[in-house]
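As a plain string of letters, each chain reads:
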Amino acid sequence: MRPRHPLQPYLFLLPTFVTLGLFFVAPLVIAIKNSFYSWDMLTPPRWVGGANYTALVSSGEMLGILGRTAGYSAMVVVASLTLGLALAVALDRPGPIYAFVRGAVFSAYVVSWVAVALLWMWLLDADAGIVGGVVRAFGGRPTSWLASPDRALFAVAIVSVWKITGYAMVIFLAGLQDVPKSVLEAAALDGAGPARRFWEVTWPLLRPSAAFVATTSLLASFQAFDVVRVMTQGGPVKATTLFVYAIYEHVFVNLRVGRAS
């Protein structure tokens, strides 16, 4: 069907173009412009050219932040994908008990990041936390997860996985319910066991769901801020200074808008 006027399709797209222009393109252009200035938000901006880029690269800060963020994202994506799929397969059954467990697992996703971070700070406290109490009960020596440069990033990743796994589980449950029962029954009649039915029939049909979960988990991991701000403030020794938190530090702590941009 031909449009009544050649400009009609573009008029339908105009609201989207305006929204993208105002909230994506314009801020991006402003950030690129600011990156060539030295500005502390108190005095007029001063042109420095590529000095901000040179300082970030020569100090190794940029590579360090990108490496930590990539490691954190890899842990979050792989763990949430694996646990979400395992829980979906285990809980894809009728009955009130399974429904209750599904709701309990998903409930973590609807809680705010700040509340989750405060809860896990208490759980991981070496002196008064439940995790430390369990370790002491078995004769071990509790460790301060959030105060250790070697363990802090891993602890933050665990908290993130605990929060978003319920979302991954729900997406996989929806995918499992779309798998045709007739195909599974035909595979069973051909002699395929449960494991082979999963790998040969169910998993190929779940790949679009897995791709969606991996993409959304990756985006969430690269946007991590609240959990870092509450639990570690980027420490210890910048061990948990991730991408977004580094931007926040440069703007609001160091007053370096140019480097943040």
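Check the entry above for the structure.
Everything in this summary refers to the structure shown in the same document.

1. Considerations on the nonpolar core
Part 1 of the argument: The biggest cluster of nonpolar side chains holds 22 residues, and the ones touching the most others in it are Tyr 72, Trp 120, Val 227 and Met 231.
Part 2 of the argument: Elements that contribute at least two residues to this core include exactly α3 (61–91), α5 (113–123), α7 (152–177) and α10 (226–231).
Part 3 of the argument: Tallying contributions element by element places α7 first for this core, with seven residues.
Part 4 of the argument: Counting residues in hydrophobic clusters, the runner-up holds 13 residues, among them Ala 168, Met 169, Ala 210 and Val 213.

2. Focus on the packing of aromatic side chains
Part 1 of the argument: In total, this model carries twelve aromatic pairs according to the counting rule given.
Part 2 of the argument: When the centroid spacing of 5.7 Å and the interplanar angle of 50° are considered together, the rings of Phe 36 and Tyr 53 count as tilted. Of this pair, Phe 36 sits in the loop between α1 (8–34) and β1 (37–38) while Tyr 53 sits in helix α2 (residues 51–58), and the two are 17 residues apart along the sequence.
Part 3 of the argument: By relative accessible area, which is 42% here, Tyr 53 ends up partly exposed.
Part 4 of the argument: The interplanar angle of 45° and the centroid separation of 5.4 Å between the aromatic rings of Tyr 245 and Tyr 248 together place this pair among those described as tilted.

3. Some thoughts on the pattern of salt bridges
One side chain can pair with another of opposite charge once the charged atoms of both are near each other.
Part 1 of the argument: Counted according to the given criterion, the structure contains one salt bridge.
Part 2 of the argument: A salt bridge links Lys 238 to Glu 249; the shortest N-O distance between them is 3.3 Å. Of the two residues, Lys 238 is situated in the loop between α10 and α11 (243–253) and Glu 249 in helix α11; the sequence distance between them amounts to eleven residues.
Part 3 of the argument: Using a relative accessible area of 43% as the deciding quantity, one classes Lys 238 as partly exposed.

4. Some thoughts on α1
Part 1 of the argument: For α1, which comprises 27 residues, the first-to-last C-alpha distance of 37 Å matches the rise-based estimate of 39 Å (1.5 Å per residue) to within 8%.
Part 2 of the argument: Maximum bend of α1: about 45°, positioned at Gly 21.

5. Re the side chain of Thr 241
Part 1 of the argument: Its location among the elements puts Thr 241 in the loop between α10 and α11.
Part 2 of the argument: A relative accessible area of 3% places Thr 241 in the buried class.
Part 3 of the argument: Apart from residues no more than four positions distant in its own chain, Thr 241 is found in contact with Ile 65, Arg 68, Gly 234, Ala 246 and Glu 249.

6. Looking at unusual backbone geometry
Part 1 of the argument: For the bond from Gly 235 to Pro 236, the omega torsion is -10°, close enough to zero to count as cis.
Part 2 of the argument: Even without glycine at this site, Gln 233 takes up a positive phi of about 55°.
Part 3 of the argument: On the secondary structure map, Gln 233 appears in the loop between α10 and α11.
Part 4 of the argument: Judged by its relative accessible area of 38%, Gln 233 falls in the partly exposed class.
Part 5 of the argument: Phi at Leu 255 is positive, roughly 55°, even though this residue is not glycine.
Part 6 of the argument: Within the secondary structure layout, Leu 255 lies in the loop between α11 and α12 (257–260).

7. Focus on helix α9 (residues 194–222)
Part 1 of the argument: Its 29 residues place the ends of α9 only 36 Å apart at the C-alpha level, less than the 42 Å of an ideal helix rising 1.5 Å per residue.
Part 2 of the argument: Three or more residues of α9 are buried, namely Phe 198, Val 201, Thr 202, Leu 206, Ser 209, Ala 210, Val 213, Ser 217 and Ser 221.
Part 3 of the argument: Those residues of α9 that are buried lie in contact with α3, α7 and α8 (181–189).

What counts and what doesn't
Residues numbered from 1 in each chain as written. Predicted model: local features only at pLDDT ≥ 70, side-chain atom pairs only at ≥ 80, totals over all residues. Heavy atoms only, no water. Core = buried A, V, L, I, M, F, W, Y, C linked by side-chain atoms within 4.5 Å. Buried < 20%, exposed > 50% of the residue type's maximum accessible area, 1.4 Å probe, protein only. Helix = DSSP H or I, 4+ residues; strand = E, 2+ residues; numbered from the N terminus. Phe/Tyr/Trp six-rings, centres within 6.5 Å; stacked < 30°, edge-to-face > 60°. Salt bridge = Lys/Arg side-chain N within 4 Å of Asp/Glu carboxyl O. Expected span 1.5 Å × (residues − 1). Bend = angle between axes of the 7 residues up to and from the residue. Contact = heavy atoms within 4.5 Å.

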